[in-house]
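Fold and geometry: a report
For reference, the chains in residue letters:
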Amino acid sequence: MSTFLDELNDAQRAPVLHKDGPLMVIAGAGSGKTRVLTYRIAHLMNQGVDSFNILALTFTNKAAREMKKRIASIVGDSEAKNLWMGTFHSVFAKLLRYDGDKLGFPSNFTIYDTQDSQRLIAAIIKEMGLDKDIYKYKQIQNRISSYKNSLITVKAYFQNPELVEADAMAKRPRMGEIYKNYVDRCFKAGAMDFDDLLLRTNELLTRFPEVLMKYQDRFRYILVDEYQDTNHSQYLIVKALSDRYQNICVVGDDAQSIYSFRGANISNILNFQRDYDDVAVYRLEQNYRSTQNIVKAANSIIAKNRDQLEKVVWTSNDEGHKIKIHRSPTDAEEGRYVAGSIFEMKMQEQLQNGDFAVLYRTNSQSRSIEDALRKRDIPYRIYGGLSFYQRKEIKDVLAYLRLIVNPKDEEALKRVINFPARGIGQTTIDRLVVAANHYGRSIFEVMEHLDKLNLNINAGTKRKLGDFVTMIKSFQIMNEGSDAFTLAEHVSKKTGLLLEFKKDGTPEGIARMENIEELLNGIKDFVEGQKELADATGSLTEFLEDVALATDMDKEVGDDDRVALMTIHLAKGLEFPYVFVVGMEEDLFPSAMSMNTRSELEEERRLFYVALTRAEKQATLTYTQNRYRWGKLIDAEPSRFLEEIDEQYVENLTPVNDGYRYKSMLNADIFGEVDKSKLRQIKPKSGTPPSTHRPNENQLRKLRKLKPELSTSTTNNNVVDSNLAEGVLVNHTRFGRGKVLKIEGLGNDKKAEIQFEQGGMKKLLLRFAKLEVIDNT
Ligand SMILES: Nc1ncnc2c1ncn2[C@@H]1O[C@H](COP(=O)(O)OP(=O)(O)OP(=O)(O)O)[C@@H](O)[C@H]1O
Ligand SMILES: [Mg+2]
């Protein structure tokens, strides 16, 4: 009767219909794991399981929302509303709002984002009088984060001589103290960082058996998507909650485990069968997402990994296009190629912008792609990177709102106590911090009791501090009676924030004002939306939690049609008809930082597998020969992963020996835009050897080996510049030997006219030209 079960194949239906008890679905990309999870929930509800008794943990909140929508369409809206679904962080933040008081946290605790944590750590390092070059706050924040994810509390840290010694050896003997101060300060501020949301949940469930029992009883059915990327802390929570009923369903793919750098532990999936009794293991083999070429190419890559579970993935979809590989001279040219291809494909095949995604290994690669898309007027959206909520002006407004909800929030207070400027100086703030630490109170509490304390603050400043306290308190009173939108609008005006940016008058100031307006609109939407939910009221606390845990990925994209740009890590679980993976170069992908051990390299390869398997119809992989990195132009080598794809599934758009065409492109790049129609015209007739032959990759490699000093990956023009003069003999990686005839222009525009022995006369922009001086006598 229930038709939705017909939308599954037999292999998928089995885990959906599985009765009680632990089950695991292990299967390759695109085989319907997420669909199984979604349908299983719908099926459970159809079988009479109360939606209150189901907990589903997903990789993004957006994924949770989409699943909920699908489930609602099967079982009805009102039932689906009560499901607890979301990321680990958002679900357990909610749980801690109910029961965190047992650990001494207020129900309105603040969630510190990474920036808040880092600022606090930097402040602590300064207060302790430590050398900030040895105690680097970002590194320390990383350390603390990994301790927390391994459940190493401050106490556990000090009880572990290995950890203590390791930090002493690393000349950071006071690491433990910083950790302790950080934890104390967060506690005092009524704040939890992201890792605390898991750590404190674990603490709560361990220390308070009655709380554990309550939630074990509530969450009789627990389902986890992307189980391969759970870390130890998440693993323990799931284990504890499912211990009583053992109705735990996990789905995952060991070949897509890509978060070990954040403590994710692939062994969670491998040990699942050991952790529970009578685990039913299901496998799915049919991929519904991608063409045969994509599936087979992806299989050929992942087969190179040694550590993996045996898996079969096949598809009955069309054969499709081969995987395209394209080489560009520079990253700017790569951007132009991608934008140009999207432009052409859209025209030829009537596609939408939203059919395309550009994926990269690191966020910084987005710039050249963005530039090119902008030039073509192709709308795009960047996911990740600096999110809207991390912009300065937005954080300013949010800091006020945070203070209203939780006046102990130290980072929020420090941010706005003197912004907009109200004559409260750093010395005063430092005194307040010292007093707060001394009395074990929050800064706000110290400010409330200034009269009783002898803090060496003059009367004028005391009055200003008093005014600030009064203002925040007036907002708090207003918060009792108004919704989040009304309050936020009032706060933006009353604090002078809007005026501050308006006064500024610059385009940036205006942009900031507009962003605040956008924030206010967002709050309004949120309030409206929340009112429809069963257990939500549209309060400020709810809004702030939503914001703190929101990633750009979660934003409703709605109907606006844009090309998606994101890192491969973020793309996990998603799918797009057309995918470009850019920057397929050694040291970039695989990342230079992940090539020390086989297991690191295997993780990079899994990342490549994830990238490729996002594509439904076509995947294009691009690499460049020169790329700007860290402000320098470097030689880039094609990624080893390109060679690893079984070549029968590959179409190489720019074979290595097409020197002539390549050279034309290079010249075009130097002197202006590429005119493609011309390129075609000047293509050599077959059989005619190009006049300047570009050495192939092997020859280049040999060349580099022979003359390492000439070919360090940073072909540094500064070196060249200094002794480059008219009459000097030079070597160019592609054009060979030549003589400098003339140098003209300045700075970035500096050019050299060079007579090459074989390539004729060339005018090269020194910024790009890869020259080395071979004789300057
Ligand atoms: N039986 C089916 N019939 C038709 N389409 C299906 C079927 N099963 C899955 N699909 C579709 O195939 C695509 C991939 O499914 P899904 O995202 O659930 O796979 P997955 O295994 O979770 O992938 P990933 O490993 O990337 O997370 C989706 O578009 C889904 O709707
Ligand atoms: Mg999935």
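Everything numeric here is computed off the predicted structure, so don't read it as measured data. (Residues numbered from 1 in each chain as written. Chains lettered and ligands numbered in written order. Predicted model: local features only at pLDDT ≥ 70, side-chain atom pairs only at ≥ 80, totals over all residues. Heavy atoms only, no water.)

Topic: the packing of aromatic side chains
One pass over the structure, following the stated rule, counts 19 aromatic pairs. Aromatic side chains Trp-84 and Tyr-98 sit 6.4 Å apart centroid to centroid with 20° between the ring planes, which places their arrangement in the stacked category. Taken together, the positions of Trp-84 in strand S3 (residues 84-86) and Tyr-98 in helix H5 (residues 88-99) put the pair 14 residues apart, joining distant regions of the chain. On the basis of an interplanar angle of 40° and a centroid distance of 5.5 Å, the ring pair of Tyr-147 and Tyr-179 is categorised as tilted. (Phe/Tyr/Trp six-rings, centres within 6.5 Å; stacked < 30°, edge-to-face > 60°. Helix = DSSP H or I, 4+ residues; strand = E, 2+ residues; numbered from the N terminus.)

Overview of the site of ligand 1
Near ligand 1, the surroundings consist of 19 residues, among which Lys-33, Thr-34, Gln-256, Glu-575 and Arg-614 are the closest. In this structure, Gly-32 approaches ligand 1 through a main-chain N or O atom, which is 3.0 Å from an oxygen atom. With 3 residues, helix H2 (residues 33-46) is the largest single contributor of residues to the shell around ligand 1. When grouped by side-chain class, the residues that make up the shell around ligand 1 number 3 nonpolar, 9 polar and 7 charged. (Near = heavy atom within 4 Å. Polar contact = N/O pair within 3.5 Å; in protein donor to acceptor, adjacent residues only side chain to side chain. Nonpolar A, V, L, I, M, F, W, Y, C, P; charged D, E, K, R; others polar.)

Re the pairing of strand S7 (residues 248-252)
Walk down a regular strand and you will see the side chains alternate between the two sheet faces. Most of S7 is tucked away: 5 of the 5 residues are buried. Side chains Ile-248, Val-250 and Gly-252 project from S7 onto one buried face, and the interleaved Cys-249 and Val-251 project onto a second face that is buried too. For strand S1 (residues 23-27) and S7, the ladder comprises 4 bridges, and the chain directions are parallel. Paired with Val-25 across the bridge in S7 is Val-251. Where strand S6 (residues 221-224) and S7 come together, 3 bridges link them in parallel fashion. Its bridge partner being in S7, Ile-222 is matched across the sheet by Ile-248. With helix H13 (residues 232-242) bridging S6 and the parallel S7, this β-α-β connection has right-handed handedness. (Buried < 20%, exposed > 50% of the residue type's maximum accessible area, 1.4 Å probe, protein only. Pairing = 2+ DSSP bridges. Right-handed = clockwise from strand over helix to strand, strands pointing away.)

Examining the pairing of strand S10 (residues 356-360)
Burial of S10 is extensive: 5 of the 5 residues sit out of reach of the surface. Residues Phe-356, Val-358 and Tyr-360 point to one face of S10 and Ala-357 and Leu-359 to the other, with burial holding for every one of them. Examined bridge by bridge, S10 and strand S13 (residues 576-581) share 4 bridges and lie parallel to one another. Bridged to Phe-356 within S13 is Tyr-578. Relative to strand S12 (residues 563-567), S10 runs parallel, the two being bridged by 4 bridges. By the bridge assignment for S12, Ala-357 is matched with Ala-564.

Side note on unusual backbone geometry
Of note, the bond from Phe-419 into Pro-420 is cis; its omega dihedral lies within 30 degrees of zero at -10°. Among the secondary structure elements, Pro-420 is positioned in the loop between helix H20 (410-416) and helix H21 (426-439). Cis geometry marks the peptide bond from Phe-589 to Pro-590; its omega dihedral reads 5°. Note on placement: Pro-590 falls in the loop between S13 and helix H29 (598-612).

Looking at the sheet that holds strand S8 (residues 280-284)
Hydrogen bonds between backbone atoms are what pair the strands of a sheet, whose relative direction is either parallel or antiparallel. Reading across the sheet, the 6 strands line up as S3-S2-S6-S7-S1-S8 and stay open at both edges, with parallel pairing between neighbours. Taken across any chain shown, the strands that pair with only one partner, and hence form the sheet edges, are S3 and S8. Here the strands of the sheet are splayed against their neighbours by 10° on average, with no regard to which way each runs. Its contacts with the sheet put helix H1 (residues 10-17) on S1 and S8, and the angle it makes with S8 is roughly 150°. (Axes fitted to C-alpha atoms, helices over the stretch in contact; angles between N-to-C directions. Contact = heavy atoms within 4.5 Å.)

Focus on the side chain of Thr-622
Counting through the fold element by element, Thr-622 comes out in strand S14 (residues 615-629). A relative accessible area of 0% places Thr-622 in the buried class. For Thr-622, the contacting residues outside a window of four places in its chain are His-326, Glu-334, Tyr-337, Val-338, Val-581, Val-582, Gly-583 and Met-584.

Here we look at the UniProt feature "binding site: ATP" (unreviewed entry) in the chain
Mapped onto this structure's residue numbering, the UniProt feature "binding site: ATP" (unreviewed entry) falls at Ala-27, Gly-28, Ala-29, Gly-30, Ser-31, Gly-32, Lys-33 and Thr-34. Here Lys-33 shows up in helix H2. A residue is classified by how much of its surface remains accessible, and Lys-33, at 11% relative accessible area, is buried. Residue contacts for Lys-33: discarding those within four places in its chain leaves Val-25, Ala-27, Gly-28, Val-251, Gly-252, Asp-253, Gln-256 and Leu-284. (UniProt positions renumbered as here; feature names shortened; annotations may be inferred.)

Notes on helix H9 (residues 161-169)
One side-chain oxygen of the residue at the start of H9 lies 3.0 Å from the amide nitrogen of Glu-162, identifying that residue as Asn-160. Just beyond H9, the residue with positive phi is Lys-171, at close to 60°.

A few points about the packing of helix H19 (residues 392-405) against helix H23 (residues 459-481)
Look at H19 against H23: their axes get within 9 Å of each other, and the N-to-C directions meet at 75°. Considering the angle they form, H19 stands roughly perpendicular to H23. Each of Tyr-400, Leu-403 and Ile-404 in H19 lies in contact with H23, whose residues at this interface are Phe-468, Met-471, Ile-472, Phe-475, Gln-476 and Asn-479. The residue inventory of the contact of H19 with H23, partitioned by class, reads 7 nonpolar, 2 polar and no charged. (Parallel < 35°, antiparallel > 145°, perpendicular 65-115°, else oblique.)

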